[in-house]
Amino acid sequence: MRFEIVTLFPEILETLKVGLLGKAIESGLVTVAAHNPRDYTTDRHRSVDDAPYGGGDGMLMMPGPVIEALEALDATRGGPTHRVLLTPQGARFDQATARRFATLPSLTLICGRYEGFDERIRDEVHEEISLGDFVLLGGEIAALTIVEATARLVPGVLGNAGSAVEESHSAGRLEYPQYTRPAVFRGRAVPEILLSGNHAAIARWRRKESLRRTRTRRPDLFAELQLDKLDRKLIAELDAEAAAEVAADAARDTTHEAANEAAEDTSDATADERSES
Ligand SMILES: C[S@@+](CC[C@H](N)C(=O)[O-])C[C@H]1O[C@@H](n2cnc3c(N)ncnc32)[C@H](O)[C@@H]1O
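Residues numbered from 1 in each chain as written. Predicted model: local features only at pLDDT ≥ 70, side-chain atom pairs only at ≥ 80, totals over all residues.

**Q** Explanation requested: the overall build of the protein in the structure shown.
**A** A tally of helices and strands in the protein yields 8 helices and 9 strands. Along the first, second and third principal axes, the C-alpha atoms of the protein reach 105 × 55 × 35 Å. The buried share of the protein, reckoned over its 277 residues, is 22%. Relative to all contacts within the protein whose residues are 6 or more apart in sequence, the contacts with residues 24 or more apart total 76%. (Helix = DSSP H or I, 4+ residues; strand = E, 2+ residues; numbered from the N terminus. Buried ≥ 20, exposed ≤ 12 C-beta atoms within 10 Å, placed from the backbone. Contact = placed C-beta atoms within 7 Å.)

Here it is as structure tokens:
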């Protein structure tokens, strides 16, 4: 898969050349190319930004250099690429979007700087994507994130293809707790079932813990889950465990209160005895 990144700071993309993604780039499974709008300027200062009409703080990216960079890259690739504008005003990036992007032969990510884009740049793109509800200095970190999340779904990039299937957000649920060696670390032991070698029991435990974690941490995702018969059974077990815990807490509180009352009675009686003597 080919990623075309339109950026004023191509050096930021160097960080993609490490780890599994670096290997995928070396092997040719993934290609990342930078296109600098500054190369498409016509004035002596190679200007890419200018003040907003109507006044206001900061500068905007001018339409000319960005749109010419896009046209030039489409011309060298022999056709239009899927153009994505990176902006905090876009649809929020998620795993489903990464999956959709990973099916494309190429993806063009357009990074803004300054106070953002001249509005006419928006007319030239297929969609607008945001990394989240916060404002970055530029689109490059968003581009790196999207390249990494998308490229790891390209067949062959991950050593073990199963990693991308059994993980958080792949099926709308969070991943179950995971452990590696040692079996006991500073007194905290790995759940026994994971050492049992019983694969069916382990799979059931993992599914239940994934449901527990999703329900506790992301009730929004949990509400959207398509539950099957086993899921419903596991959720009933979680409910029963939660109810048992509440009952145990209540019993502990009652015992505690009773012990406190008994202690108070004893100290009152001792005080009475002292005052009588
Ligand atoms: C300082 S921001 C401009 C924000 C712009 N004034 C606005 O309110 O929409 C500069 C550039 O950083 C990038 N950027 C900032 N926050 C982003 C986010 N949450 N997701 C994706 N890109 C972002 C965009 O490319 C943006 O054009």
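**Q** Where do I start with unusual backbone geometry in this structure?
**A** A negative phi holds for most residues other than glycine; trans holds for most peptide bonds. Of the consecutive residues Arg181 and Pro182, the connecting peptide bond is found in the cis state with omega at 5°. The phi dihedral of Arg46 falls on the positive side, at around 55°, and the residue is not glycine. By the element assignment, Arg46 lies in the loop between β2 (31-35) and β3 (49-50). Despite not being glycine, Tyr114 has its phi angle at roughly 60°, a positive value. As for its position among the elements, Tyr114 is in the loop between β6 (106-110) and α4 (119-122). Look at Tyr114 and you get partly exposed, because 16 C-beta atoms sit within 10 Å.

**Q** What is the right way to read the site of the ligand from this model?
**A** Neighbouring the ligand are 20 residues, the closest being Gly112, Gly116, Leu136, Gly139 and Ala142. Among the elements that take part in the shell around the ligand, strand β5 (residues 82-92) stands out by supplying 4 residues, more than any other. (Near = placed C-beta within 6 Å.)

**Q** Please clarify how helix α6 (residues 199-217) should be interpreted in this entry.
**A** Because the α-helix completes a turn every 3.6 residues, residues three or four places apart line up on one side. Taking 1.5 Å per residue, 19 residues should reach 27 Å; α6 reaches 26 Å between its end C-alpha atoms and fits that length. Regarding α6, the residues found buried are Ser210, Leu211, Arg212 and Thr214. (Expected span 1.5 Å × (residues − 1).)

**Q** Please explain the pairing of β2 as it appears in this structure.
**A** The two faces of the sheet receive side chains in turn, since in a regular strand these alternate between them. For strand β1 (residues 2-6) and β2, the ladder comprises 5 bridges, and the chain directions are parallel. Counterpart to Arg2 in the pairing with β2 is Thr31. Of the crossover connections in this fold, the one passing from β1 over helix α1 (residues 19-27) to the parallel β2 is right-handed. (Pairing = 2+ DSSP bridges. Right-handed = clockwise from strand over helix to strand, strands pointing away.)

**Q** What should I look at first to understand the nonpolar core in this one?
**A** Generally speaking, nonpolar side chains in soluble globular proteins are found buried as a group. Val66, Val84, Leu86, Leu109, Ile110, Ala143 and Val147 are the most contacted members of the largest nonpolar core, which has 39 residues in total. For this core, the secondary-structure elements that each account for two or more residues are β1, α1, β4 (60-61), α2 (63-77), β5, α3 (95-102), β6 and α5 (140-151). Looking at this core, the element that brings in the most residues is α5, giving 6 residues. Those residues in contact with Leu86 that sit more than four places away from it in its chain are Leu109, Ile110, Cys111, Gly112, Ile129, Gly139, Ala142 and Ala143. (Core = buried A, V, L, I, M, F, W, Y, C linked by C-beta atoms within 7 Å.)

**Q** Would you take a moment to explain the sheet that holds strand β7 (residues 127-130) for this structure?
**A** Two orientations exist for strands paired in a sheet by backbone hydrogen bonds: parallel and antiparallel. Judged by pairing direction, the sheet is parallel, and its 5 strands sit side by side in the order β2-β1-β6-β5-β7 without closing on themselves. Where the open sheet ends on each side, the last strands, each with one partner, are β2 and β7. Sheet twist, expressed as the mean angle between neighbouring strand axes with direction ignored, is 35°. Docked against the sheet, α5 engages β1, β2, β5 and β6, running at close to 160° with respect to β6. (Axes fitted to C-alpha atoms, helices over the stretch in contact; angles between N-to-C directions.)

**Q** What exactly am I supposed to notice about the pairing of β1 here?
**A** For β1, a buried count of 4 out of 5 residues is recorded, marking the element as mostly surrounded by other parts of the structure. As paired elements, β1 and β6 share 5 bridges and run parallel to each other. Across the sheet, Arg2 pairs through a bridge with Ser106, a residue of β6.

From the geometry alone we can't say anything about function, so treat these as descriptive.
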